[in-house]
Amino acid sequence: MPLRKVFDYLPVAETVLADLQPGMRVRVPFQRRQLVGIFLELASQSELDPSRLKPIEAVLDASPILPPEILKLCLWAADYYHHPVGEVLAAALPGLLRQGRPPEIKSKKNAAPPPLPEPGSAPLRLNDKQEELVQAVTAALNRFSVFTVDGVTGSGKTEVYLQAIQTVLEQQKQTLVLIPEINLTPQTLERFRHRFGVPIAAIHSGLTEKARLQAWLNARSATAFILIGTRSAVFTPLPRLGLIIVDEEHDSSFKQHDGFRYNARDLAIWRARDAQVPILLGSATPSLETLHRSWEGPYRYFSLPERAGGATLPVFRVVDLRRQYLEEGLSAELLQGLTTHLKAGNQVLLFLNRRGFSPVLICHACAWMATCKHCDARMTYHLRPTRLHCHHCEAQKAVPVRCEACGEKELQTLGLGTERLEQALQKHFPDYPLTRIDRDTTRRKGKIEEMLGDIQSGASRILLGTQMVAKGHHFPNVTLVGIIDSDYGLFSSDFRAAERLGQLLLQVAGRAGRATKPGEVWIQTHHPHHPFIQLLQQGNYQQVAKALLQEREQAALPPYSSLALFHAEAHRLPEVENFLNQVKELAQSLGNSVSIRGPISALMARRAGRYRMQLLLQAEHKKTLHAFLRQLLQKVEGLSNKLRIHWAVDVDPMELE
Ligand code: ADP
Ligand code: ZN
Ligand code: ZN
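Our subject in this report is the structure included herewith. Nothing here was measured: the structure is a model prediction, and the numbers come from that model.

Our focus in this paragraph is helix H16 (residues 573-588). If you check H16, its first and last C-alpha atoms are 22 Å apart, about what 16 residues at 1.5 Å a residue would give, namely 22 Å. Close packing links the buried residues of H16 with strand E24 (562-570), strand E25 (595-607), strand E26 (610-619), helix H17 (622-637) and strand E27 (646-651).

This is the structure:
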């Protein structure tokens, strides 16, 4: 239940109390329904009158479905994120177990387990930096420490993971590998399967419930020695856990953005400490938090500044867009560069983080713009199929023939999305096959693999896409990367915007080039002298991070303070405002150890028909913030009007929404 409390029940008559163990599932009456619950602890008394207590109807498990270490992790997470414990426990269980099904998969009779892969690829000869890191990790097995692996794209991080895992396997221990929520699972799995002849389980969003349960059970029974998974895999029981790896640790998909807003990377660190095993945080662009804890804190920092196998890092160049004629966002200079690289037989990659045809549909007669009925946002114009689409609430509608304000037939598209860029590129380079990768072109299952195949084989010469092309993949034949619009993000009011822009740009940049074909990265901007663009141009993420950390320190923002957002939304604006004002009053009555800003409108003031506002809570120390939140939430739970309001607490928010 989405309530910050636990519920008391009487033991089922025939149960011997001693047999009940924390982490077992029970079936209980709840209001007029029957629900699956998790038994947490025995109490000798209840706040409720004993006559009102209902008995448990059945105990569903003979032994705890959640082993003690996972139960402990969940309880800690519920406390840290100030989230209802019931929802946390539910998030930790595969769907079928949440529904009360038995922890087993009925397999077809005599079905043989899938054959183990032949271990194929031999370990590579490590370079000195890799060797040093692998040595350090394997020397630290069986105790807790955090290793930061700050390695540029292609520097051989994955090879380091594989060799560290090899040692863990020799000790008959399990490894948990967390990867971002992207279409990378198949490739990552392939690479691991190819190396080791051991069962590997995978948990990600593309699985059926049955497959998910199977993977979970294989991990829990230690049948699988490696578990590769996205965010929620951090809750999987691994009785022989020996090592945790978080790849692309900076990726925001490790943070759940609604409901139980946990950060899987941070929970993984807690889990490593609890299990006394090492954890590797790898990235070409580590988060500022991680770098801070590496440079000034306890993490052990290793950098792999060079590409393995001799490839060089790309060269950066800033293209000044001011006063230039732009052909659908493309400067003459960039078009010339694209021509040169294509004629030389190479591939080019264009990055534009905006899908659809154009972000604005405007009336040329009266300046009316197509906005979403439900959000404070414009609707994006899509060409194929033709429609208006709100990217915030997914509302769609037909494109009006006439202006909805003045009735004139003067509607025009304004601004550039990937669909429009694709059209422009096709017109300009009709002889070169093109692949566009964004959420719209990759919806169909298997599509992204097909596209990546075209790119690897060279069948496709021009690639363009959104942040989907920035992640994970390596395109060795790409020699020119063009960043179409880097201005977006320079002036955002979200304090993480610059960090994200820097990570995104340098991640895209890292897609290009190899030994024989060094890459170039061209950044188009209207602000060529902006200090941040100047910094990015040097292509050195560590310098970028140092500058950003200085700014954070001056502004007392994380990692130099702790933040939580108290977010609220409702259909009527005054309700939200009143509610948050009440919360603020309660907060102020708790003293001034925590500074409170707001209520202020969320960056998007209305979404999906709800008005959204927030309070920003900031404290110098985590402990202060958490003690404060605990007290505050107890009081907020008592506010009578809270039920009409959707509210949530976001601890360590990734964005200010
Ligand atoms: P990352 O995970 O940092 O992007 P990878 O581990 O995928 O890097 O390595 C990038 C490329 O370099 C791969 O093709 C890999 O096989 C190769 N590679 C990695 N380590 C070495 C090494 N020590 N010697 C030669 N090639 C290597
Ligand atoms: Zn009009
Ligand atoms: Zn909308």
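Picking up after the structure, the text goes on.
The subject of this paragraph is the pairing of strand E5 (residues 174-178). Burial of E5 is extensive: 5 of the 5 residues sit out of reach of the surface. Across the two faces of E5 the burial is the same, with Gln174, Leu176 and Leu178 and Thr175 and Val177 all buried. Pairing of E5 with strand E8 (residues 241-247), which is carried by 5 bridges, proceeds in the parallel orientation. Bridged to glutamine 174 within E8 is leucine 241. Sheet topology note: the E5/strand E7 (residues 226-229) ladder contains 4 bridges and is parallel.

Protein ligation of the zinc ion (ligand 2) involves Cys363 (SG), Cys366 (SG), Cys403 (SG) and Cys406 (SG), the donor distances falling in the range 2.2 to 2.4 Å. Coordination geometry of the zinc ion (ligand 2): the 4 donor atoms subtend angles of 105 to 115° at the metal centre, consistent with an arrangement described as tetrahedral. We note that the donor set of the zinc ion (ligand 2) lies within a single chain, spaced as C-x2-C-x36-C-x2-C. One end of the pair, cysteine 366, is in the loop between strand E15 (360-363) and strand E16 (380-382); the other, cysteine 406, is in the loop between strand E18 (396-397) and strand E19 (411-414), with 40 residues separating them in the sequence. The exposure class assigned to cysteine 366 is partly exposed, which follows from its relative accessible area of 36%. Since its relative accessible area comes to 34%, cysteine 406 is described here as partly exposed.

With that settled, the discussion passes to the pattern of salt bridges. Under the counting rule described, the total for this entry stands at 30 salt bridges. For arginine 4, the salt bridge identified is with glutamate 637, shortest N-O distance 3.1 Å. Of the two residues, arginine 4 is situated in the segment before strand E1 (25-30) and glutamate 637 in helix H17; the sequence distance between them amounts to 633 residues. For arginine 4, a relative accessible area of 28% corresponds to the partly exposed category. Glutamate 575 is the salt-bridge partner of arginine 572, the closest N and O atoms lying 3.5 Å from each other.

A few words now on the nonpolar core. Phe566 and Phe579 are the most contacted members of the largest nonpolar core, which has 76 residues in total. Among the elements that take part in this core, helix H1 (residues 68-80) stands out by supplying 7 residues, more than any other. The next biggest cluster of nonpolar side chains, apart from the first, holds 38 residues, and it includes Leu505, Ala512, Phe532 and Leu536.

Let us look at the coordination of the zinc ion (ligand 3). Of the protein atoms, only Cys372 (SG), Cys375 (SG), Cys390 (SG) and Cys393 (SG) coordinate the zinc ion (ligand 3), at distances of 2.2 to 2.4 Å. The site at the zinc ion (ligand 3) holds 4 donor atoms, and with the angles between them running 105 to 113°, its shape is tetrahedral. Each donor residue of the zinc ion (ligand 3) belongs to the same chain, and together they define the spacing C-x2-C-x14-C-x2-C. Of the two residues, cysteine 372 and cysteine 375, both sit in the buried class.

With that settled, the discussion passes to the sheet that holds strand E21 (residues 462-465). Taken in spatial order, the 6 strands make up an open sheet running E11-E23-E22-E14-E21-E20, and their pairing is parallel. Only two strands of the sheet have a single partner each, and these edge strands are strand E11 (315-320) and strand E20 (434-437). Taken over all neighbouring pairs, the strand axes of this sheet differ in orientation by 15° on average, direction set aside. Where strand E14 (residues 347-351) lies against strand E22 (residues 478-483), 5 bridges are found, and the strand directions are parallel.

This next bit is on the packing of H16 against H17. Relative to each other, H16 and H17 sit at 130°, their axes nearing to 10 Å. Between H16 and H17, the crossing angle belongs to the class labelled oblique. Judged by the twist between their axes, the crossing of H16 over H17 is right-handed. Across from Phe579, Val583, Leu586 and Ala587 in H16, the residues of H17 making contact are Phe628, Leu632, Lys635 and Val636. For the contact of H16 with H17, the class distribution of residues is 7 nonpolar, no polar and 1 charged.

Cut-off values and rules
Residues numbered from 1 in each chain as written. Chains lettered and ligands numbered in written order. Predicted model: local features only at pLDDT ≥ 70, side-chain atom pairs only at ≥ 80, totals over all residues. Heavy atoms only, no water. Helix = DSSP H or I, 4+ residues; strand = E, 2+ residues; numbered from the N terminus. Expected span 1.5 Å × (residues − 1). Contact = heavy atoms within 4.5 Å. Buried < 20%, exposed > 50% of the residue type's maximum accessible area, 1.4 Å probe, protein only. Pairing = 2+ DSSP bridges. Donors = N, O, S within 2.8 Å, 3.2 Å for Na, K, Ca; no water. Tetrahedral: all angles 85-135°; square planar, octahedral: opposite > 155°, others 65-115°. Salt bridge = Lys/Arg side-chain N within 4 Å of Asp/Glu carboxyl O. Core = buried A, V, L, I, M, F, W, Y, C linked by side-chain atoms within 4.5 Å. Axes fitted to C-alpha atoms, helices over the stretch in contact; angles between N-to-C directions. Parallel < 35°, antiparallel > 145°, perpendicular 65-115°, else oblique. Left-handed = near helix turned anticlockwise from the far one by under 90°. Nonpolar A, V, L, I, M, F, W, Y, C, P; charged D, E, K, R; others polar.

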